[in-house]
Every structure is written in structure tokens, then in C-alpha cells.
Amino acid sequence: MRSKIFFICLSTVLSFYFIGCSSDSSGVEEDAEGIDGTARIISATTFNEAASSEDISYEYTEGGDTHEENNDYVIDESAIIEITLNGNSISASDASVTISGTKAVITAAGTYRITGTLEDGQILVDADAEDTIKILFNGIDISNATNSPFAIMSAAKTVIQVVEGTENRLTDAGTYIFEDDDDEPDAALFSKDDLTIFGGGELIVTGNYNEGIKSKDGLILKETTITVSSVDDGIQGKDYLIVYSGNVTVDSAGDGLKSNNDEDADLGYIQIDEGTFIITAEADAIQAETAVMINGGDLTLTSGGGSTSVISDDDSANGVKAGSTIIINNDAVVTVNAADDAVHSNASIAINGGTFILASGDDAIHADGILDIFNGDITITESVEGIEGAYITISGGKIVLNSSDDGINGAGDETGSVYTLDITGGNIYVNASGDGIDVNGSITMSGGAVIVDGPVNRNNGALDYDRSFTLTGGYLLAVGSSGMMQTPGNDSTQPVLAVRFDQNIDAGTILHLESTEGTDIFTYAPAKTIQSIVFSSPDFTTGDAYNLILGGSGDGTIENGLYLDGNYTPGTLYHTFTTSSNLTSIY
């Protein structure tokens, strides 16, 4: 949060700072003479029209070419080679499987079905680099006391079907003994090449040495119920990790889901289409070197012990983290409890839809570059800063944001006030202990509805910007302290009301603005003690007379402090005024 500057009242001070130089002032009236006994409160329909935005639908985002082919999921039952595990021995129905004690090596293309239990044993795939291997896990339990229980060392690709109705387990050693100078395999289920896991069965993987499931090329998951516990990363696909469907549970001491190719800008991505995910990670729950694309699914992510945990500056414990891009689409349900940022990109974020419940020990949503919110239902229950990006656009959706510092923060690492916030739609509520909206640059607002329940501390403000705030439309109600109070600037075309009280207004005290003819403009009860109001809406017009009333009571629906669809019984008339310009100041 940038440092504050105290401004005194000088006639030459820039007009977009609210200062006590206006001739339009008053104290509290003694009574509410001339005001009717009740007034009709603004309807939810009218308010939601102000918050409306263009209905934009984004249905699907995917990465580039993958190893997947339609034939991958076709099993020729007549060509299956049987591998039977008998505790401390192995048998096979074909010479393409070489056996030595409790170790079996698959050496040629084909379809293999593995059944049974193997104690301190290993299944290896070591075929030609052009061979496609298909393997059916048909109720297996393989453990290894010195290495990985299942490893693919050479093949073009391997497709594992986890047979529906079966439970399958892989457990590796806590310490590996390698041959010669090898350092692989290094995961309980390891592949040097492309790997697909599909089928309606259950796969339980325990990684005591390193990762649980690891592919050094691409990894595709489809339909399977997978449970992984690991001492490092849970599930890793180096080139890409794609989850088309399934139920995935990960408990890892490293990252939960990971793709880490840092040599090719088209790889190193994670794509999630459907499924249920419960990811608990000491580091990042989902981490991609390049992009994370979430098209759907129900994701519950916990990282670093959750939002109340304290981590070191060198640790990374984000819910979702990407090096370049995060795209989240309509059908996603994302619940995050993170010690670090809930959603973090080193470059850009696009939220096109979805439902979010985010608790963060730092920023709830953070992009180093562009941050676009086109739609979605976003609830930020806990954060230091709620939404932070260099260039933020909000054009739709519903946002309820709670922060211990700034609510919406336009900031970055560049020098100068170059950052922007553009609001064209959406229904936004900010409850911030720091600045409600803080932009180290410029704000523009042409639509949407924004309510800011700002700070009590006079060193912060409900609105804080460095360069300009141009308001041409939408609904804005910002309350908070008055020490650093700012309003939209002189180039705004929609009239603005600015009120600075000479005393504190207690939390819960109703603020009611109506026309002198009794038309409700807003009825609002702040969550904290306030000293100022900044307001603008299409219904607040130049040349009309208004009453500002404090106290009283209201009924109907209360949404984030705003009363809708009810009746208001007046309290004490604070001021009657007539608007004569784009900025009406009362103090």
C-alpha cells in the first residue's frame, strides 16, 4: 500500500480531491419536518439493472496437441496378455513379459491385464520407443521396499485402464536403491513417456520417496477415482496435465497438481474439464509453468495449511498458480483456503464464469499483468488484499470481497502511476480495512454497481487513486473515513454527491438519500463507523432537490448493507440540497 499525503484546503488544489472548500454545507437539522412517515426503498430489480452487464459465455479452453487418440480407450479383449501377481511370485501368459522373481518387465506393444498382490515387487515397461502399451489394472496391490512398484522406462505411450469396480494400490519405498548412477524412476507410478490413466475403478497411490504419479511427458486422466498421498508433488505431468473427468484426492508435502516444462512456451500447462478435486498441499495446490485452464469441476484446494498459516517469503503456497495465464470458465466451482494467494498468475488472469469461495493469507486474486473478470460469482471471505493486478477490468459477475488491507488494488512493479481499473459492469461489494479501491494510476467506470465499505483509519480512504477517476455511468456508493477522501474527477459526466461528516456515524446507522418528492435513491447501513459518503447513480441528477437522512429503520432485503424491496421509516434530516453541478459537496 503506497504512502499517503495530507492535503490542506487551498483553492488551487486539484478538484478531484474532496476538500472542505465548498460553500454548500450544513449541520444536522433539528427534525424531519416535511418528510413523509415512510418511503418506498429502491427495488432489487432497479438496482440489479445498474449492475447488469453483457451476457458473455465462455464454454471451453484447451491447450495444444496431445498424445491422445480415440483408439486409446478401445480394449481388444481377445488380445489380452495376462499377468498374475501371487504375493511373492509372478506369472504371465506371453513371452513378451520377462519375469525374474518379483520383477516383471513388459517388453513389447500389446494389451496386458494385471491382477493380484505383489509384495516387494515391481512392474516395468521397457519397450521400443515406437510401441504403444495398454495395461489394465484389474485389482492390484503392489509394494516395493527399495524402489518404485510401477515404472514405464521406454514406450511411445502407455494407456492404463483402471477397471471399473476394482481397487488398485501402488506403494513405494521411503528410500530408493538405484542401479549404477540412475536416479529414475523416482515416483510410485512413474513414466518417462506419455501416459493416460482412465476407467471407472479406483487407484490409490502412496509416494513415500518423491512424487505420487509422475510423467516426464504428457499425462491425461479420465474417469478414474484417484487418491494420492506423497512426500513431494502429488500428480505431475511435465509437458501437460489434462483431467477430463474423475475424482481426484491429493495430500502432498509439495505441489498438488503440477506441470513443469519450462523449455517450451506451448507446454507446461494444466487443463481441468470436469470432476471432483480435493487437493491439500504444503506448497501450491495447482501449479503450472505456463497456463492453468479450468473449464469445470468442483475444486476444493488447501495450500500451506490455509489462510491463517504463516509461511516464509521464499515459500509458495497458492491455491492456483500459473507462470503465464489462468483462465477459469463458466462451470467451475473453486473453493480455496491458501496461506499465500488463492489465485495467482505471473502474467494474466481471465475469469469468464464459475463460482468461487476464496480465503487467502495474502491476495485472493492476483495477476502481475492483466486481470479480467467477465463473469462469475466470487466471494472472498478473507484476504490481505482482495483483487490485485496491474490492469484490471471488471465487466460482469458478482463480487463480495473482504480484506484486511486494500480491497481492489491496481498496482505493480513499474515506476510511475501507470496502472488502471476499468469497471463496465458487475455487482461489486468491498469491505476493506485499508483502501477500498486503490489504483496507482487511473480509474474509469461506465457501468456496474460498486459498494465500498471502506476504512475507519483516516490514513486510508474508500477511494484512492493517483491520476484520475472518470465516471460516466453505473452505481457507486463508497463510505469510510474522511482523512484521505477522494471523489471522481471533473471530467466525469454523471453527477456525484460527496459528504464529509463533522462527527463519526456509527456502524449500522442507516444512511438514506431520497428526492424531496420521496423517491428512494439509496438506503444503506455501513458495517463500520464512517465519516464520509461518495455516491453516484443514473437516478441522481443535476437540478433536482434531495434529502439526506440519518437513522430511522427499514425492512425488506438487506444485501451487503443496501436495503432493497422494502419501506423506510425516517430518522433525522441531515441536509436538504439541490444539485447544481456534477459534484455536490456537503460537509
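Above: the structure in question.
Residues numbered from 1 in each chain as written. Predicted model: local features only at pLDDT ≥ 70, side-chain atom pairs only at ≥ 80, totals over all residues. Heavy atoms only, no water.

Draft legend 1. Structural context of the overall build of the protein. Helix and strand counts for the protein come out as 1 helix and 52 strands. When its C-alpha atoms are laid out on the principal axes, the protein stretches across 100 × 45 × 35 Å. By the burial criterion, 57% of the 587 residues in the protein qualify as buried. Restricting to contacts in the protein with at least 6 residues of sequence separation, those with at least 24 account for 57%. Within the structure as shown, the protein displays about 21,800 Å² of accessible surface, and the carbon and sulfur contribution to it stands at 43%. In the protein, the 20 positive side-chain charges and the 92 negative ones have mean positions that sit 3 Å from each other. (Helix = DSSP H or I, 4+ residues; strand = E, 2+ residues; numbered from the N terminus. Buried < 20%, exposed > 50% of the residue type's maximum accessible area, 1.4 Å probe, protein only. Contact = heavy atoms within 4.5 Å. Areas by Shrake-Rupley, 256 points an atom, 1.4 Å probe, with all protein chains shown as cover. Lys, Arg positive; Asp, Glu negative; His and termini not counted. Charge placed at Lys NZ, Arg CZ, Asp CG, Glu CD.)

Draft legend 2. Structural context of the pattern of salt bridges. Counted under the stated rule, the structure contains 12 salt bridges. A salt bridge links K398 to E559; the nearest nitrogen and oxygen atoms lie 3.7 Å apart. In this pair, K398 sits in strand β33 (residues 385–403) while E559 sits in strand β48 (residues 557–559), placing the two residues 161 residues apart along the sequence. The exposure class of K398 is partly exposed, given its relative accessible area of 32%. Given the relative accessible area of 21%, E559 is considered partly exposed. (Salt bridge = Lys/Arg side-chain N within 4 Å of Asp/Glu carboxyl O.)

Draft legend 3. Representation of the sheet that holds strand β1 (residues 39–40) in the model. Here 3 strands make up an open sheet; going across it, the order is β1-β50-β47 and the pairing antiparallel. The open sheet terminates on both sides in strands that have one partner only, identified here as β1 and β47 (553–554). Alignment of β47 against strand β50 (residues 567–569), held across 2 bridges, turns out to be antiparallel. Across the sheet, the residue bridging to S553 is T569, located in β50. (Pairing = 2+ DSSP bridges.)

Draft legend 4. Looking closely at unusual backbone geometry. Backbone torsion omega between E184 and P185 reads 5°, so that peptide bond is classified as cis. Examined against the element boundaries, P185 turns out to sit in the loop between β11 (167–171) and β12 (187–191). One non-glycine residue, D120, adopts positive backbone phi at about 50°. By secondary structure assignment, the location of D120 is in the loop between β6 (110–118) and β7 (122–126). Here the phi dihedral of E223 falls at roughly 80°; this positive angle occurs in a residue that is not glycine. Its relative accessible area of 40% is what places E223 among the partly exposed residues.

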